[in-house]
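Residue-level structure breakdown
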Amino acid sequence: MNRRLPAVLAALASALLACGGGEKSTGATPPPTGPGQTGGAAPALHVQGTRLVDAAGNTVRLRGVSHSGTEYACVQGWGIFDHGGDGTDSAGVAAMRAWGINAVRIPMNEDCWLAINGVKAQYAGDAYKQAIANYVGVLNRGGMVAILDLHWTAPGTDSANKQAPMPDRDHTPEFWRQVAKAYGANNAVVFDLFNEPYPDNNADTPEGWR
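Residues numbered from 1 in each chain as written. Predicted model: local features only at pLDDT ≥ 70, side-chain atom pairs only at ≥ 80, totals over all residues. Heavy atoms only, no water.

Here we look at the overall build of the protein
Inclusion rule: Secondary structure counts use DSSP, requiring at least four H or I residues in a row for a helix and at least two E residues in a row for a strand, with both numbered from the N terminus. Relative accessible area decides the class of each residue, using a 1.4 Å probe on protein chains only: under 20% of the type maximum gives buried, over 50% gives exposed, and in between gives partly exposed. The contact definition used throughout considers only heavy atoms, calling two residues in contact when any of these lie within 4.5 Å. Areas reported as accessible are Shrake-Rupley estimates using a 1.4 Å probe. Residue values count occlusion only from the protein chains shown.
Within the protein, the secondary structure is distributed over 8 helices and 6 strands. Starting at the N terminus and walking to the C terminus, you meet the elements of the protein as α-β-β-β-α-α-β-α-α-β-α-β-α-α. Looking at the protein residue by residue over its 210 residues, the buried ones come to 47%. Sequence separation of 24 or more characterises 75% of the internal contacts of the protein that already satisfy a separation of 6 or more. For the protein, the computed accessible surface area is about 10200 Å², with 53% contributed by carbon and sulfur atoms.

Re the side chain of Glu-71
Here is the rule: Positive charge is attributed to Lys and Arg, negative charge to Asp and Glu, and no charge count is given to His or to the chain ends. Any carboxyl oxygen of Asp or Glu within 4 Å of a side-chain nitrogen of Lys or Arg constitutes a salt bridge here. Polar contact is defined as a pair of N or O atoms within 3.5 Å, subject to the rule that within protein one atom must be able to donate a hydrogen and the other to accept it, and that residues adjacent in sequence are counted only when both atoms are side-chain atoms.
Note that Glu-71 resides in the loop between β3 (64–66) and α2 (73–76). Salt bridges are absent for the buried Glu-71, whose nearest opposite-charge side chain, Arg-105, sits at 6.7 Å. A polar contact of 2.8 Å, which involves the side chain of Glu-71, links it to the backbone nitrogen of Gly-69. In contact with Glu-71, other than residues within four places in its own chain, are Pro-107, Met-108, Asn-109, His-151 and Trp-152.

Quick look at the pattern of salt bridges
Inspection of every chain in the model, using the stated rule, returns 4 salt bridges. With a closest N to O distance of 2.9 Å, Glu-174 and Arg-177 form a salt bridge. Residue Glu-174 and its partner Arg-177 are located together in helix α6 (residues 172–183), separated by 3 residues, close to a single helical turn. With a relative accessible area of 30%, Glu-174 lands in the partly exposed category. Residue class for Arg-177 comes out partly exposed when judged on its relative accessible area of 35%.

With respect to α6
Each turn of an α-helix holds 3.6 residues, which means side chains three or four residues apart point in the same direction. Inclusion rule: Multiplying 1.5 Å by the residue count of a helix minus one yields the expected span of that helix. Each C-beta atom gives one direction from the helix axis, and the arc is the one those directions make.
The terminal C-alpha atoms of α6, which comprises 12 residues, lie 16 Å apart, in line with the 16 Å expected from a rise of 1.5 Å per residue. Those residues of α6 that sit buried are Thr-172, Pro-173, Phe-175, Trp-176, Val-179, Ala-180 and Tyr-183. An end-on view of α6 places all buried positions within 155° of arc, on one side of the element.

Concerning the sheet that holds strand β4 (residues 103–109)
Heads up, the rule is: The pairing criterion for strands is at least two bridges between them, as found by DSSP. As a rule, the C-alpha atoms of each element are fitted with a line to give its axis, helices using only the stretch in contact, and angles between N-to-C directions run from 0 to 180 degrees.
Spatially, 4 strands are ordered β3-β4-β5-β6 in an open sheet, and the strand pairing comes out parallel. The open sheet has two edge strands, β3 and β6 (189–192), and neither has a second partner. The average angle at which neighbouring strand axes cross in this sheet is 25°, direction not considered. Where β4 and strand β5 (residues 145–152) come together, 7 bridges link them in parallel fashion. The partner of Ala-103 across the bridge, within β5, is Val-145.

So, in structure tokens, the structure goes:
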């Protein structure tokens, strides 16, 4: 799998740039409507030199949490969110805001997003995408940035039911093409391309770096 990394990363970069994910659009692409829209509450982020800044140029420091569940509940066949519900937990968002949190990572599963490899229909495809959009919308309206993180992946017909060492070229590029198209115009969303890669069993070897 490690030998395929350059091709995977090149495909990811091409997919994101083609969909506007390389740099957030500020005018050419209209902002999304519905649950994924920023709503004006969360900071509109962009990169300025070595800093992450808001629309006024003020430095933004992200302080956040990871909201686990959306990477495993769907593929395990019992839900989308670990706590149940449909992603409109405004009470939870209010609590996080009270703790000083301004960013929430949403771990995602490529099989569930793409509706492949046997994920139950009620937890995959449009249902999964709508649940993610609902939660992104609630976070943004609550003043928090959403970090969309690709967490569980698997090549071919394997089930994405655990953390893999690296992304796969079979599904990961298409996952990011679709996510970038859905959220590329929302400057209150950050893309986390892949969670904690550990090539060559996390060893500091030439093969791992390749």
